[in-house]
Amino acid sequence: MLQSIDSKLLGRPLGSPQTVPAWSGFNALLHKDTVPSQSTIGYLPVINASPTKLSTVHAVLKQCIAKADRLKQDSVVLTVDQAIYAKAKEIVWKNPAEFQRIVLRMGAFHICATFLAVIGKRFEDGGLKDLLLESGLAGSGSLNGIISGKHYNRSIRAHKIVYEAFQRLQWRAFETSASGEVRSAIRNLKTVVELVRADVSASTVCLLIEAEDFHVLHEAYQRFNVSDRGPLGTFWRSYCQMVGLLQFVRSTRIANWSLHLECIKDMIPWMDSYDRIPILMSCSDGVGRIRSAEV
């Protein structure tokens, strides 16, 4: 929304430098003064065996319980990849009393890569492939990797750019149909938006989102987003909703646990619809266990 304001509200000439950066740059500027708390990292004893053997996984689970006892923790979160998750889950199911304190979950990379594949599966034949090819965001050789999420970085970048393009078009349509109150709010926000353009930081963005006119504008924009625009409009609106859930990446990088869990919760119905069973089981069980354990 801020990029739409940058280009439309202030009348930035076409071709002039974009002062509000894209998703990654914007978040980097927003948190440039945020210093995360220092983590304490240690290593478990090395087990000289295949990591996917049941005996190896069992030994790791027992080590986790021992570490939790030593640190006086009620619960311990164990993050594994997809291959090990199935083995670990099997052991936990067979020994629920011994390992009930372990909250087993799949890594953020595997969750995100699977969700990228779900987005690709839903929209590849709806025009997304053609859009990526004709816009130059993907070549014919890399297209399938981007759609399937296997080319992780390229896939993230492509979806962010398409998402921004859709939001710009949506903002243009919103402005055209805006009421007098909304147009007045847009005019009143011009000074604050100038501050954001001059210095993209947490303080200037807070000034913008705390302004009363911004709340008027945001509520009107949200109502416009959910208005009925036919089956095709609803279909591509769901694309924006799904790509918006890639805030999951942001939540992981800034250690926002609440946002992390909310994103996973909203991903679950989509994963269920497209039969991503292993990740679905991990996410569903992980969110429930984490919230109940209050870790």
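Report on the accompanying structure. The structure presented is a predicted model; accordingly, all values stated were derived computationally and were not measured.

As for its position among the elements, L133 is in helix 7 (residues 128-135). Using a relative accessible area of 35% as the deciding quantity, one classes L133 as partly exposed. Not counting residues up to four positions away in its chain, the partners in contact with L133 are A138, G139, S140 and L143.

Attention shifts here to the packing of helix 6 (residues 108-123) against helix 16 (residues 257-273). At a minimum axis distance of 10 Å, the contact between helix 6 and helix 16 shows a crossing angle of 45°. Considering the angle they form, helix 6 stands oblique to helix 16. For the crossing formed where helix 6 meets helix 16, the hand is left-handed. In contact with I111, F115, V118 and R122 of helix 6, helix 16 contributes I264, M267, W270 and M271. In terms of residue class, the contact of helix 6 with helix 16 is built from 7 nonpolar, no polar and 1 charged.

Here we take up the packing of aromatic side chains. As enumerated under the stated definition, the model contains 12 aromatic pairs in all. Ring geometry for W171 versus F174: centroids 5.4 Å apart, planes at 50°, classification tilted. Of the two residues, W171 and F174 both sit in helix 9 (residues 152-176), 3 residues apart, roughly one turn of that helix. Judged by its relative accessible area of 3%, F174 falls in the buried class. Put simply, the rings of F123, F166, F235, W236 and Y239 touch in pairs and so form one group of aromatic residues.

The subject of this paragraph is a nonpolar patch on the surface. A cluster of nonpolar residues, W93, I277 and M281, forms a patch on the protein surface that exposes about 330 Å² of accessible area. Examined against the element boundaries, W93 turns out to sit in helix 4 (residues 82-94).

All right, on to helix 13 (residues 212-226) then. For helix 13, which comprises 15 residues, the first-to-last C-alpha distance of 22 Å matches the rise-based estimate of 21 Å (1.5 Å per residue) to within 8%. Three or more residues of helix 13 are buried, namely F214, L217, A220, Y221, F224 and N225. Down the axis of helix 13, the smallest arc covering the buried residues is 145°, so these residues share one side. Within helix 13, the exposed residues directed more than 90 degrees away from the buried face are E212, R223 and V226. In this fold, the buried residues of helix 13 make contact with helix 9, helix 10 (180-188), helix 12 (202-210) and helix 14 (230-244).

A few words on the side chain of T204. With respect to the element layout, T204 can be found in helix 12. Judged by its relative accessible area of 10%, T204 falls in the buried class. A polar atom in the side chain of T204 sits 3.1 Å from the backbone oxygen of S201. For T204, the contacting residues outside a window of four places in its chain are L195, V196 and D199.

Another point: the pattern of salt bridges. Tallied over the full model, the rule gives 6 salt bridges. A salt bridge links E98 to K62; the nearest nitrogen and oxygen atoms lie 2.9 Å apart. You can see E98 sitting in helix 5 (residues 96-99) and its partner K62 sitting in helix 3 (residues 54-71), a full 36 residues away along the chain. For R101, the salt bridge identified is with D69, shortest N-O distance 2.7 Å. Of this pair, R101 sits in the loop between helix 5 and strand 2 (102-106) while D69 is found in helix 3, placing the two residues 32 residues apart along the sequence.

In the Ramachandran plot, K72 falls in the positive-phi region, its phi being about 60° despite a non-glycine side chain. Inspection of the secondary structure puts K72 in the loop between helix 3 and strand 1 (76-80). Positive phi, close to 55°, is recorded for D275, a residue that is not glycine. Taking the relative accessible area as the measure of exposure, D275 reaches 59% and is therefore exposed.

It is worth spelling out the packing of helix 10 against helix 13 at this point. Between helix 10 and helix 13, the least distance of the axes is 9 Å, while the angle of their chain directions is 135°. It follows that helix 10 is oblique to helix 13 by the angle criterion. In this structure, the crossing between helix 10 and helix 13 has a hand that is left-handed. Where helix 10 approaches helix 13, its residues E181, V182, A185, I186 and N188 are matched on the opposing element by D213, V216, L217 and A220. Taken together, the residues that form the contact of helix 10 with helix 13 break down as 6 nonpolar, 1 polar and 2 charged.

A few words on the side chain of S201. Among the structural elements, S201 can be located in the loop between helix 11 (190-198) and helix 12. In terms of polar contacts, S201 uses its side chain to reach the side chain of S203, at 3.1 Å. If we skip the residues at most four places from it in the chain, S201 touches L29, L30 and K32.

Analysis parameters
- Residues numbered from 1 in each chain as written.
- Predicted model: local features only at pLDDT ≥ 70, side-chain atom pairs only at ≥ 80, totals over all residues.
- Heavy atoms only, no water.
- Helix = DSSP H or I, 4+ residues; strand = E, 2+ residues; numbered from the N terminus.
- Buried < 20%, exposed > 50% of the residue type's maximum accessible area, 1.4 Å probe, protein only.
- Contact = heavy atoms within 4.5 Å.
- Axes fitted to C-alpha atoms, helices over the stretch in contact; angles between N-to-C directions.
- Parallel < 35°, antiparallel > 145°, perpendicular 65-115°, else oblique.
- Left-handed = near helix turned anticlockwise from the far one by under 90°.
- Nonpolar A, V, L, I, M, F, W, Y, C, P; charged D, E, K, R; others polar.
- Phe/Tyr/Trp six-rings, centres within 6.5 Å; stacked < 30°, edge-to-face > 60°.
- Patch = residues over 30% accessible without salt bridge, like charges linked within 9 Å, V, L, I, M, F, W, Y side chains within 5 Å.
- Areas by Shrake-Rupley, 256 points an atom, 1.4 Å probe, with all protein chains shown as cover.
- Salt bridge = Lys/Arg side-chain N within 4 Å of Asp/Glu carboxyl O.
- Expected span 1.5 Å × (residues − 1).
- Arc of directions from axis to C-beta.
- Polar contact = N/O pair within 3.5 Å; in protein donor to acceptor, adjacent residues only side chain to side chain.

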